[in-house]
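Each chain, written out:
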Amino acid sequence: MFTARPALPRSGRNDADENRQYRNLTAVLSGRHYLIAIGSYTESYGAFRAHGDGITVIGLSPVGKLDFVDSAYLPNPSYLAYSPAHEKLYSTVETRDGRATVVAMQAPRPGRRLTVAGDGRTTGRLPCHVDLHPLGAWIAWACYDSGDVFIRKVSPTGGIEPGTGDRAIRKGCGPHPVRQAKSHPHAAVFSPEGCWLLVPDLGTDEVAAYPFDASAGMLGRARVWRAPPGSGPRTLAFSRCHRHIMLVSELSSEVSLLQWHDGAIRECGRVSSREPAAFSKRKDNTASGLRLHPDGIHFGVTNRGDNTVAIFRVNSRDGPPERCLAFPSGGTKPRDFGFSPCGRWLVSANQDSDNCVLFEIGLSPVPFVRETAQIAVRSPSSVCFVA
């Protein structure tokens, strides 16, 4: 087991009801203090730049101020997920060696340090994404390098139970001679009702939907939707109505709106993740992070190369995503970002400029964005609001 140590210096409501509920929630939550966990790469592999400290916890005040709270060392915590029911923070450990695993940590709270509560060590290489079942009893993660997708049982106290659940092994390749020489599952996402596990595979240009038996933790035979060749599906999220999936494709720098119905996927449309004129002058851009806004309608994507965050809206007419806003991320190579639960704040994690940047954001009636603060975090990889 890893030991964390201090690091160095569908609801039945209609849209009107849900929008009103969201506005009320925003009014309450926008006056809150928040804690944000930031994962940071600590070890390089290949040409990958990394010199971070592990996991850093920062505080966000109601007036938009960022402060350091705590830190703990873990090797390459590339992606973070939070379980409010268990008060646990789950982190992938993205390494090629025998340390590759998913770690459960006691979530930070005022007066409580980050501590490791257990891990789910497996044989997979480079675990890069983790997700929790909607009912909290299962956890899934994808291993980019080995093609594995793992399911494990989560105990009532939030621990990861070894030897439980299923494993899928992805196979195949795509047209890109380097990035798609083999399967590269880049995410494992449970459907909102918990009956499916969706795996976007960057290496094979597929989104695989596995039926999931929550009573046994077993995966059925996947239904596969094929993305355009060479696009490289990276990660996805479900809309508020659960009828649509937002998909970001890394290699083609595109976002797609997919119609979803009980394992069946149909593309409604796709657009570039890049701003047509103002920021898109580089040729080496790759799309990266994708997050759903708390209103359930808007979502954002980061562009590494252009160094921007682009905000889109789900098209209720089943057309392509609608572009709303794009702005510089405040640094270089924005790998990930996060929306605050109130929807007022956005935090970008800029891996190659060693900083996290806070923006105040508004999406209706007139979209706006305003940078309010920065904080130094080395090689940040993932953003997760935990309280």
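Described in the following lines is the structure provided in the data block. (Residues numbered from 1 in each chain as written. Predicted model: local features only at pLDDT ≥ 70, side-chain atom pairs only at ≥ 80, totals over all residues. Heavy atoms only, no water.)

Helices and strands together make up the secondary structure of the protein, namely one helix and 30 strands. Taking 2.2 N^0.38 as the reference for a compact globule, 387 residues should give roughly 21 Å; the C-alpha atoms of the protein span a radius of gyration of 19 Å, in line with that estimate. The principal-axis extents of the C-alpha atoms in the protein amount to approximately 50 × 50 × 45 Å. With 387 residues in all, the protein has 60% of them scored as buried. (Helix = DSSP H or I, 4+ residues; strand = E, 2+ residues; numbered from the N terminus. Rg over C-alpha atoms; globule rule 2.2 N^0.38 Å. Buried < 20%, exposed > 50% of the residue type's maximum accessible area, 1.4 Å probe, protein only.)

Here strand β10 (residues 148-154) lies mainly inside the structure; six of its seven residues are buried. Sheet analysis places strand β9 (residues 138-143) next to β10, joined by five bridges and oriented antiparallel. Bridging from a neighbouring strand, W141 pairs with F150 of β10. Linking two consecutive strands that pair antiparallel, namely β9 and β10, is a turn of four residues; a positive phi of about 80 degrees is found at G147 within it. Taken together, the three bridges between β10 and strand β12 (residues 167-169) define a ladder with antiparallel strand orientation. Residue pairing for β12: V149 is matched across the bridge by A168. Here two bridges tie β10 to strand β11 (residues 160-161), and the two strands are oriented antiparallel to one another. Residue pairing for β11: K153 is matched across the bridge by E161. Here β10 hands over to β11 after five residues, with G158 in that stretch at a positive phi of 95 degrees. (Pairing = 2+ DSSP bridges.)

What follows deals with the packing of aromatic side chains. Evaluation of the coordinates by the stated rule reveals 11 aromatic pairs. Plain terms: the ring middles of W196 and W260 are 5.8 Å apart, the flat faces sit at 90 degrees to each other, and that makes the pair edge-to-face. Of this pair, W196 sits in strand β14 (residues 196-201) while W260 sits in strand β20 (residues 254-261), placing them 64 residues apart in sequence. Here the two residues W196 and W260 agree in accessibility, since each one is buried. Through pairs of rings, three or more aromatic residues link up here, namely Y41, Y45 and F48. (Phe/Tyr/Trp six-rings, centres within 6.5 Å; stacked < 30°, edge-to-face > 60°.)

The next thing to look at is the pattern of salt bridges. A complete count under the given rule lists 24 salt bridges for this structure. Across the salt bridge formed by R270 and E267, the nearest N and O atoms sit 3.3 Å from each other. Residue classification places R270 among the partly exposed residues on the basis of a relative accessible area of 36%. Ionic pairing is found between R370 and E360, a salt bridge with its closest N-O pair at 2.4 Å. Taken together, the positions of R370 in strand β29 (residues 368-376) and E360 in strand β28 (residues 355-362) put the pair 10 residues apart, joining distant regions of the chain. Accessibility expressed as a relative area gives 44% for R370, which makes it partly exposed. (Salt bridge = Lys/Arg side-chain N within 4 Å of Asp/Glu carboxyl O.)

Here we come to the side chain of D131. When you line up the elements, D131 lands in strand β8 (residues 127-132). Summary of buried charges: D131 has no salt-bridge partner, and the nearest side chain of opposite charge, R291, is 8.4 Å away. A distance of 2.8 Å separates a polar side-chain atom of D131 from the backbone nitrogen of F190. Look past the residues within four positions of D131 in its chain and what remains in contact with it is W138, I139, A140, A188, V189 and F190. (Lys, Arg positive; Asp, Glu negative; His and termini not counted. Polar contact = N/O pair within 3.5 Å; in protein donor to acceptor, adjacent residues only side chain to side chain. Contact = heavy atoms within 4.5 Å.)

We now examine the environment of P192. For P192, the location among the structural elements is in the loop between β13 (189-190) and β14. The spacing of P192 and V347 is 155 residues in sequence and 25 Å in space, taken between C-alpha atoms. Ignoring any residue separated from it by four or fewer positions in sequence, one finds P192 in contact with P134, F238 and H242.

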